[in-house]
Amino acid sequence: MADIAAPRSRMLPRVNGSAVVMVIYLAFLLLPIYWLLNMSLKTNTEILGTFSLWPQNPTLANYATILTDASWYVGYVNSLTYVVMNTAISLTVALPAAYAFSRYSFMGDKHLFFWLLTNRMAPPAVFALPFFQLYSSVGLFDTHIAVALAHCLFNVPLAVWILEGFMRGVPKEIDETAYIDGYSFPRFFIKIFMPLIASGIGVAAFFCFMFSWVELLLSRTLTSVEAKPIAATMTRTVGASGVDWGVLAAAGMLTIIPGALVIYFVRNYIAKGFALGRV
Amino acid sequence: MEKTVNQKAWFLVLPVLVLVAFSAVIPLMTVVNYSVQDSFGQNNFFWAGLIWFEELLHSERMWNALGNQLAFSAIILAIEVPLGIFVALCMPKKGFWASVCLVLMSLPLLIPWNVVGTIWQVFARVDIGLLGYTLDKMGIDYNYTQDFFAAWATIIVMDVWHWTSLVALLAYAGLQSIPNAYYQAAKIDQASRWAVFRFIEFPKMLGVLMIAILLRFMDSFMIYTEPFVVTGGGPGNATTLLSIDLVKMALGQFDLGNAAAFSIMYFLVILAISWVFYTVMTNLDKRDAQ
């Protein structure tokens, strides 16, 4: 029993060992990001001229360039537009479908569920060319909705799987009681069921947002000018006079912000989301 | 949970079906269409049978890309899985520091993929990047645009940086589900640290670990943006992975027949792996339900 009652003194060295590992690992993760931040606060002369671990004369000029130049910040607006559209579409269609998968068995349900998964696993490179031709032929090329629809390829399955994972945790008796109380399906779904899985909806929305935000191949292929995403705009920094490193770094830092802002709220569900609701 | 049989549930699934059919089935049929036809330009197609597939099987370029791809996936799995488990075991179990670790570790997962590429492209440059500069000053000849080994090392370290946290987070979620009583029992039995890992932690982690491995395998199998930004597939074709080669073929050279046959092969491989994934997951769900 003494082992259990007084483990403190003996535990201490091991805890420290873990802490050292974590510090090293986190340093490894943060160092490249820090380097980007460091560069974004320097002028190009300083970046290329002197090698320093932190900016000697910190400047926000690079950020100012991006936030005042329309050709730059429109990229962010474009990205946000199609990402929000995609999230809205994905959740709207995924909610009823996830409910159906979690509550009922019907003809072909397992095959359908598997088929949805294959779309999450489909390499975007395979779809790049056919998407380009499909959206060109229906006149949607270079519009936000084209990118939003294309990203549904992997975000709808993702949303269905995550939501289904959360919905399974809600006892079925709640549905049955509501029906006995005379609720119609739409009313029950919106008034009672959706509040119950609110955290699931939030997590699914976060992951749809994220995967649409980080994807570049499809969004770059489907746009040229009007709906050009920020990720593609970044290649602009390569000009005649070489690469504008400072602005490139600042643009990169700004793309990290949306994820960094909300990450705290979903920290306990990150694993579940990446594993399609299966953890 | 017992599910009621209800064919009307199809109506709830219908929107998803229509949407995904539009964004998956139609494009996929286009690809199938191209893979069996040839063209002399201007929408003038004729039946070509399986020549594209035959050509593909004899194409050195495809085998090179496939070889690179398999090597890449194998190497990153061999590094990321043990490292991820190790990090998960070292993470604080609860409290403020657990949250800090979770948030900071998730950060690389949420960075746009081309920015990940940009970060490493800059970080590894000999003139302005911390890593490249340090290696250079240490007297190591390091140039990822010229040297085969340096290019591979860069994209592998980049992927480890980008995705190890995913394995760690999943393994951590598995660890969290182990009741404290197990550890107490192990302590009474005076089990060694290794025995605790081998007989308590590892079996409990196995489920999520399978998911982590399959996710990592699949996502690494279709990786495009990050290595493309860093090395562009070079030097030569040293780091040309399947997706990079396919995009070059389809959008760069507009080589429709070849690209389509390539896509179908690619997709079939993915489909086979997805099936494994699905089987493993449904079996695990069943096991958990018991």
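Residues numbered from 1 in each chain as written. Chains lettered and ligands numbered in written order. Predicted model: local features only at pLDDT ≥ 70, side-chain atom pairs only at ≥ 80, totals over all residues. Heavy atoms only, no water.

*Asks:* How should I be thinking about the domain arrangement of chain A in this particular structure?
*Replies:* By convention, interface size is frequently given as the accessible area that disappears when the constituent parts associate. All names here are of chain A. Here chain A is partitioned into domain 1 (2-40) and domain 2 (66-274). Counting residues at the interface gives 5 residues for domain 1, matched by 7 residues for domain 2. Counting each side, the surface lost to burial between domain 1 and domain 2 is near 480 Å², with a carbon and sulfur contribution of 89%. When residues of domain 1 are sorted by the area they lose upon contact with domain 2, Leu36, Met39 and Ser40 head the list and together hold 76% of the total. Run the count over domain 1 and domain 2 and you get 0 residue pairs in polar contact (both at pLDDT 80 or more). Within the side of domain 1 that touches domain 2, the residues separate by chemical class into 4 nonpolar, 1 polar and no charged. (Domains from an automatic or database assignment. Contact = heavy atoms within 4.5 Å. Buried area = accessible area lost by both parts, 1.4 Å probe. Polar contact = N/O pair within 3.5 Å; in protein donor to acceptor, adjacent residues only side chain to side chain. Nonpolar A, V, L, I, M, F, W, Y, C, P; charged D, E, K, R; others polar.)

*Asks:* Explain the environment of aspartate 189 of chain B here, please?
*Replies:* Assignment of secondary structure puts aspartate 189 of chain B in the loop between α8 (180-188) and α9 (193-221). On a C-alpha basis, the gap between aspartate 189 of chain B and asparagine 283 of chain B in space is 32 Å, while along the polypeptide they are 94 residues apart. (Helix = DSSP H or I, 4+ residues; strand = E, 2+ residues; numbered from the N terminus.)

*Asks:* Honestly, the UniProt feature "transmembrane region" (unreviewed entry) in chain A in this entry has me stumped. Any pointers?
*Replies:* The positions that UniProt labels "transmembrane region" (unreviewed entry) are, in the present scheme, residues 18-37, 80-101, 113-132, 144-167, 188-214 and 245-266 of chain A. Between the C-alpha atoms that bound residues 188-214 of chain A there is a distance of 35 Å. The span itself is 96% helix and 0% strand. (UniProt positions renumbered as here; feature names shortened; annotations may be inferred.)

*Asks:* What am I meant to see in the environment of leucine 37 of chain A here?
*Replies:* Residues and elements named next belong to chain A. For leucine 37, the location among the structural elements is in helix α2 (residues 8-40). C-alpha of leucine 37 to C-alpha of leucine 254: the two residues are 217 residues apart in sequence and 9.9 Å apart in space. When sequence neighbours within four positions are dropped, the list of residues in contact with leucine 37 reads Tyr63 and Met253.

*Asks:* What's the story with the interface of chain B and chain A in this structure? I'm lost.
*Replies:* If you look at the interface, chain B gives 100 residues, while chain A gives 100 residues. Both sides of the chain B and chain A interface together cover about 9,000 Å² of buried area, and 80% of this is carbon and sulfur. Counting every contact that joins chain B to chain A gives 1 salt bridge. The closest approach of N and O atoms between aspartate 219 of chain B and arginine 120 of chain A, which form a salt bridge, is 3.4 Å. The tally of links from chain B across to chain A stands at 17 residue pairs in polar contact (both at pLDDT 80 or more). Top contributing element to the side of chain B that touches chain A by residue count: helix α1 (residues 9-35) of chain B, with 20 residues. Classifying every residue of the side of chain B that touches chain A gives 75 nonpolar, 17 polar and 8 charged. Across 2 bridges, strand β1 (residues 104-105) of chain A lies against strand β1 (residues 4-5) of chain B in parallel orientation. Opposite serine 105 of chain A, over in β1 of chain B, you have valine 5 of chain B as the bridge partner. (Salt bridge = Lys/Arg side-chain N within 4 Å of Asp/Glu carboxyl O. Pairing = 2+ DSSP bridges.)

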